[in-house]
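# Fold and geometry: a report
Chain residues, written in single-letter form:
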Amino acid sequence: MSAQGPSRAGGTGGAAWADRYAAEDPVLAAARARALALGGTPPPGPAAGATLAVLAAGAGARAVVSVGSGGGVVGLCLLRGMRPDGVLTALDGDPEQLRGARRAFTEAGVPAGRTRLIFGTPAEVLPRLSPGAYDLVVCAGPPTEYAAHLAALLALLRTGGTLACHGLLAGDRIGDRAARDPETVTWRDVARDVREDEQLTSAVLPIGAGLLVATRRG
């Protein structure tokens, strides 16, 4: 998933131009640098982050869940698009990433009442969230951590709400039939389950490492 690293910013292709177009302020850039230094799954790149902000703005999102905090990168992007009175719930099983998110929100001057940071796995946290109460659910961590809970994630959405999963096109492995590593296989399963769900309208956006987006119909 190294395609999401900072090296793309200096490229000349369309994807690199899209990342440069999504200009990031110093607070967001610093949060990204810290998140990348921690290792693990890279946060969404600038273009993908801007897309998450657009999705939040288009939904007039007041209640959003982020599975995987990306060191605060995901949350800062979402908060840019959410309503001023919106509340972001971010859960992460990596305490370092969660601490990074808290620092990023503080540096950005985000009021404490606009974020809920929860340490824990999807299996531990999702049962504590209210079904049908969220405008947008974003999954930014490895799919192997949340694929088994896809039904619970979708249940969080109100009618018209959207699920966005980041990273399925990383490394161009998902279309390679010879790629059978656990993460790629899990991405294929998640994409198939979303596409076949008759309550969802879905698409794959080839932005950064890829976004799988699906909106829950009435």
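See the structure shown above.
Now for a description of the structure that goes with this document.

## Focus: helix H2 (residues 26-37)
The terminal C-alpha atoms of H2 lie 16 Å apart, and with 12 residues this matches the ideal 16 Å at 1.5 Å per residue to within 8%. Where H2 is buried, its residues meet helix H3 (46-58), helix H4 (73-81) and helix H5 (95-107). Gly39 sits one or two positions beyond H2 and adopts a positive phi of about 80°.

## Section: the packing of aromatic side chains
For the structure shown, the criterion picks out one aromatic pair. On the basis of an interplanar angle of 25° and a centroid distance of 5.4 Å, the ring pair of Trp17 and Tyr21 is categorised as stacked. Taken together, the residues Trp17 and Tyr21, both in helix H1 (residues 14-21) and four residues apart, mark about one turn of the helix.

## Structural notes on the side chain of Gln97
Take Gln97: it is sitting in helix H5. Judged by relative accessible area, Gln97 falls into the buried class, the value being 7%. With residues up to four places along the chain from it excluded, the contact list for Gln97 reads Ala35, Leu38, Gly39, Ser69, Gly70, Gly71 and Asp92.

Cut-offs and rules
Residues numbered from 1 in each chain as written. Predicted model: local features only at pLDDT ≥ 70, side-chain atom pairs only at ≥ 80, totals over all residues. Heavy atoms only, no water. Helix = DSSP H or I, 4+ residues; strand = E, 2+ residues; numbered from the N terminus. Expected span 1.5 Å × (residues − 1). Contact = heavy atoms within 4.5 Å. Phe/Tyr/Trp six-rings, centres within 6.5 Å; stacked < 30°, edge-to-face > 60°. Buried < 20%, exposed > 50% of the residue type's maximum accessible area, 1.4 Å probe, protein only.

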